[in-house]
2 protein chains.
Amino acid sequence: MKVKVATRILEANERIAFENRKLFNDAGVYVINLMSGPGAGKTSVLERTLSMSAGLRVGVIEGDIAGTDDAERIEKYGAPVVQINTGGACHLDANMIYEALSDLPLHDLDLLFIENVGNLVCPAEFRVGEDIKVMVLGITEGHDKPLKYPLMFQESSALILNKLDLAPYLDVDMEKIKRDALSLNPVLKIFEVSCKTGQGMQEWVAWLRNRTRAV
Amino acid sequence: MKVKVATRILEANERIAFENRKLFNDAGVYVINLMSGPGAGKTSVLERTLSMSAGLRVGVIEGDIAGTDDAERIEKYGAPVVQINTGGACHLDANMIYEALSDLPLHDLDLLFIENVGNLVCPAEFRVGEDIKVMVLGITEGHDKPLKYPLMFQESSALILNKLDLAPYLDVDMEKIKRDALSLNPVLKIFEVSCKTGQGMQEWVAWLRNRTRAV
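Sequence order sets the numbering: in each chain, residues are counted from 1 along the sequence as written. Naming scheme: in the order in which they are written, chains are lettered from A and ligands are numbered from 1. Selection of residues for local features in this predicted model requires a pLDDT of at least 70, selection of side-chain atom pairs for listing and counting requires 80 or more, and totals for whole chains, interfaces and linings are taken over all residues. No hydrogens and no water enter the side-chain calculation; it runs on all heavy atoms of the structure.

A. Local environment of the overall build of chain A. The helix and strand inventory of chain A stands at 8 helices and 7 strands. The C-alpha atoms of chain A give 17 Å as radius of gyration, which agrees with the globular expectation for 215 residues (17 Å, within 12%). Along the longest, intermediate and shortest principal axes, the C-alpha atoms of chain A span 50 × 45 × 35 Å. Note on exposure labels: buried denotes an accessible area under 20% of the residue type's maximum, exposed denotes more than 50%, and partly exposed covers the range between, all computed with a 1.4 Å probe on protein chains only. By residue count, 58% of the 215 residues in chain A fall in the buried class. Any two residues whose heavy atoms approach within 4.5 Å are treated as being in contact. Taking contacts inside chain A between residues at least 6 apart in sequence as the whole, the part at least 24 apart equals 73%. Positive charges are assigned to Lys and Arg, negative charges to Asp and Glu, while His and the chain termini are left out of the count. All charge positions are set by atom: Lys at NZ, Arg at CZ, Asp at CG, Glu at CD. Both charge centroids of chain A, one from 24 positive and one from 30 negative side chains, sit 4 Å from each other. In this description a helix means any DSSP run of H or I spanning at least four residues, a strand means any run of E spanning at least two, and both kinds are numbered starting from the N terminus. Radius of gyration means the value over C-alpha atoms here, while the globule rule gives 2.2 Å times the residue count to the 0.38 power.

B. Region of the structure containing the side chain of Lys145(A). Its location among the elements puts Lys145(A) in helix α5 (residues 145-148). N or O atoms within 3.5 Å of each other form a polar contact, as long as, within protein, one can give a hydrogen and the other can take it, and as long as residues adjacent in sequence are counted only when both atoms are side-chain atoms. A polar contact is formed between the side chain of Lys145(A) and the backbone oxygen of Glu141(A), at a distance of 2.8 Å. Contact partners of Lys145(A), with chain neighbours within four places excluded, come to Leu120(A), Leu137(A), Phe153(A), Pro38(B) and Gly39(B).

C. Structural view of the relation of the copies chain B and chain A. Expressed as a screw transformation, the operator carrying chain B onto chain A has a rotation angle of 180 degrees and an axial translation of 0.0 Å, and the superposed copies differ by an RMSD of 0.0 Å. As the rotation angle and translation indicate, the two copies are arranged about a two-fold axis. Both copies present the same face, since 100% of the interface residues in chain B are matched by interface residues at the equivalent positions in chain A. Residues below a pLDDT of 70 in either copy are left out; the C-alpha atoms of the rest, at least 70 in both, set the least-squares superposition of the copies.

D. Focus on the sheet that holds strand β4 (residues 111-115) of chain A. Residue and element names in this part refer to chain A. A pair of strands is labelled paired if DSSP reports no fewer than 2 bridges between them. With respect to topology, 7 strands assemble into an open sheet ordered β3-β2-β4-β1-β5-β6-β7, the strand pairing being parallel. Looking at the sheet topology across the chains shown, the edges are occupied by β3 (81-85) and β7 (189-192). Across the sheet, the mean angle separating the axes of adjacent strands is 20 degrees when strand polarity is ignored. Here strand β5 (residues 132-138) runs beside strand β6 (residues 158-162); their pairing, made up of 5 bridges, is parallel. Across the sheet, residue Gly 138 finds its bridge partner in β6, namely Asn 162. Along the sheet, helix α2 (residues 42-51) contacts β1 (30-36), β2 (58-64), β4, β5 and β6; its crossing angle with β4, the most-contacted strand, is approximately 160 degrees. Lines fitted to C-alpha atoms define the axes here, with helix axes fitted over just the stretch in contact, and angles between the N-to-C directions of these axes take values from 0 to 180 degrees. The strands that helix α8 (residues 201-213) touches are β1, β4, β5, β6 and β7; relative to β7, the one it contacts most, it runs at about 145 degrees.

E. Region of interest: the interface of chain B and chain A. If you look at the interface, chain B gives 35 residues, while chain A gives 35 residues. Counting the surface lost from both chain B and chain A, the interface buries some 2,700 Å², and carbon and sulfur atoms represent 59% of this. Its largest share of buried area at the contact with chain A, chain B owes to Pro38(B), Lys148(B) and Tyr169(B), together 22% of the area lost on that side. Between Lys or Arg on one side and Asp or Glu on the other, a salt bridge is scored when a side-chain nitrogen of the former is within 4 Å of a carboxyl oxygen of the latter. Where chain B packs against chain A, one counts 6 salt bridges. Asp70(B) serves as the salt-bridge partner of Lys148(A), at 2.7 Å between the closest nitrogen and oxygen. Viewed at the interface, chain A and chain B are joined by 8 residue pairs in polar contact (both at pLDDT 80 or more). Buried area is a sum: the accessible area each of two parts loses on coming together, probed at 1.4 Å, counted once for each and added.

F. Broad picture of the pairing of strand β5 (residues 132-138) of chain B. Residues and elements named next belong to chain B. Most of β5 is tucked away, with 7 of its 7 residues classed as buried. In β5, alternate side chains face the same way, and those of Ile 132, Val 134, Val 136 and Gly 138 on one face and Lys 133, Met 135 and Leu 137 on the other are all buried. As judged from the 4 bridges shared by strand β1 (residues 30-35) and β5, these two strands associate in the parallel manner. Residue pairing across strands places Asn 33 opposite Lys 133, the latter belonging to β5.

G. Region of interest: the pattern of salt bridges. Overall, the coordinates contain 34 salt bridges over all chains when judged by the stated rule. Measuring nitrogen to oxygen at the nearest pair gives 3.5 Å for the salt bridge that ties Asp144(A) to Lys148(A). The buried category is assigned to Asp144(A), whose relative accessible area is 11%. A relative accessible area of 6% means that Lys148(A) is categorised as buried. Via salt bridges that share partners, Glu47(A), Asp64(A), Asp70(A), Arg73(A), Asp144(B), Lys145(B) and Lys148(B) belong to a single interconnected network.

H. Inspection of the confidence of the model for chain A at higher detail. Every residue gets a pLDDT, meaning the predictor's confidence in that residue, from 0 to 100. When pLDDT is averaged along chain A, the result is 94, and 96% of the positions lie at 70 or above. Per the prediction output, this complex has pTM 0.93; the corresponding ipTM is 0.89.

I. Spotlight on helix α4 (residues 94-101) of chain A. Residue and element names in this part refer to chain A. Those residues of α4 that sit buried are Ala 94, Met 96, Ile 97, Ala 100 and Leu 101. Taken down its axis, α4 places every buried residue within 160 degrees of arc, on the same side. At the N-terminal end of α4, a side-chain oxygen is found 3.1 Å from the backbone nitrogen of Asn 95, two or three residues along, and the residue is Asp 93. For this quantity, the arc is that covered by the directions from the helix axis to the C-beta atoms.

J. A look at unusual backbone geometry. For Lys163(A), which is not glycine, the phi dihedral falls at a positive 70 degrees. Taking the relative accessible area as the measure of exposure, Lys163(A) reaches 12% and is therefore buried.

K. Representation of α2(A). Counting buried residues in α2(A) gives 7 out of 10 residues, a clear majority hidden from the surface. Listing the buried residues of α2(A) in full gives Lys42(A), Thr43(A), Val45(A), Leu46(A), Glu47(A), Thr49(A) and Leu50(A).

L. Expanded view of the packing of helix α2 (residues 42-51) of chain B against helix α8 (residues 201-213) of chain B. All names here are of chain B. Running from N to C, α2 and α8 point in directions that differ by 75 degrees, and their axes come no closer than 10 Å. Here α8 runs roughly perpendicular to α2, going by the angle between their axes. Across the interface between the two elements, Val 45, Arg 48 and Thr 49 of α2 pack against Met 201, Trp 204, Val 205 and Leu 208 of α8. Residue classes in the contact of α2 with α8 are distributed as 5 nonpolar, 1 polar and 1 charged. Any angle that is under 35 degrees is reported as roughly parallel, and any over 145 degrees as roughly antiparallel; angles of 65 to 115 degrees are reported as roughly perpendicular and all others as oblique. Residues are grouped as follows: nonpolar covers Ala, Val, Leu, Ile, Met, Phe, Trp, Tyr, Cys and Pro; charged covers Asp, Glu, Lys and Arg; every other residue, Gly included, is treated as polar.

M. Inspection of empty space enclosed by the protein at higher detail. Cavities and pockets are defined on a 1 Å grid built over the protein atoms alone: a cavity is a set of grid points where a 1.4 Å probe fits but cannot escape, while a pocket is an open set with protein on both sides within 12 Å along at least five of seven lines, and lining residues are those with an atom within 4 Å of any such point. Grid points are joined across faces, edges and corners, and a volume is the space filled by probe spheres set on the points. One pass over the full model with this rule turns up 1 cavity of 30 Å³ or more. Quantified by volume, the largest cavity comes out at close to 50 Å³. The wall of the largest cavity is formed by 13 residues, among which Thr140(A), Glu141(A), Pro38(B), Thr140(B) and Glu141(B) lie closest to the centre. Tallied by class, residues from the lining of the largest cavity come to 4 nonpolar, 5 polar and 4 charged.

What follows is the structure, given as structure tokens:
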């Protein structure tokens, strides 16, 4: 019985995700589901990206259990933003996104970021209608993460390794992170960045521009 | 319907957690459910604690989605350890713990740590039969975490703020973390530590010894 219900919920989610995807396609907006554990730097990646995205019309949906901190940070960059509070739920689902879309000028956007709840596990299981998933890992989280949390690495098209500025002070094996991540997902595109210094962000934004143009 | 099923699962979990608690009480073992987001340093806290716990008989249950890295790290300290692989589940539940207990010499332990899956959300919702919950937050995760992930801070008896050695290189407001955490949970005991240097660990272990004696 338990399994049956879980399947039904996932099926309903898939159906709504498919509807969202059609809306995104019709509007010509490229959609990225941005995921990470708590505090890896998703919002910082968005802030840097927004400041480097001249000519791209970018919107953001912020997902958090509680609070509006992230939406307030994004608003400063002039991007249209909607904050979803999940009220306890550990991930965004397709229906939450569907309900947020009426508050976004979808047809005036080239790119929409959906910043998921900070959680390295559950968000990877729920499609929301995105074109691709991108994940952020703070190198402060340690080099054992890919093999301990394999699904998110498998589901993502790109991995942003953030907090490179702290590398000199950490005992972290960057090569192991990259090797293990690629063993789980050989086509994963990896970016090494510091949102604090801006290092590596140029390459990420260039990749993003190419992707967005491909819509 | 959805709500009804979820309630039933939580009810079943509560019942098994209660059974576990009776087993722990009968064996005279004090049990800590150790939680955090990914890479905050739960296993490092355990390693330091084990190396400073002369005279205390400590056992560990390791919870991970996949892999045995953490159990291997703990085994080096000579502590009895059982690794649970949840196979995708984002938290430990009472039944997983119940099934692991047959592999532990419960009556020969003073203290049992249950290291939960790295996840700042879901583990806080599932009791496993513990005496108390303790959480770890890496200060690299940022000062916005208490208000964004309130439940774990509310459910925990102690908060270990780890990675203090990195403070000079971070823009993190430690006072805000402590203030917000205490606003959610005024009786929360807060420890500021570095598992890398050992700073602050003496106070944590002393507190732990007192707690364990009180069983």
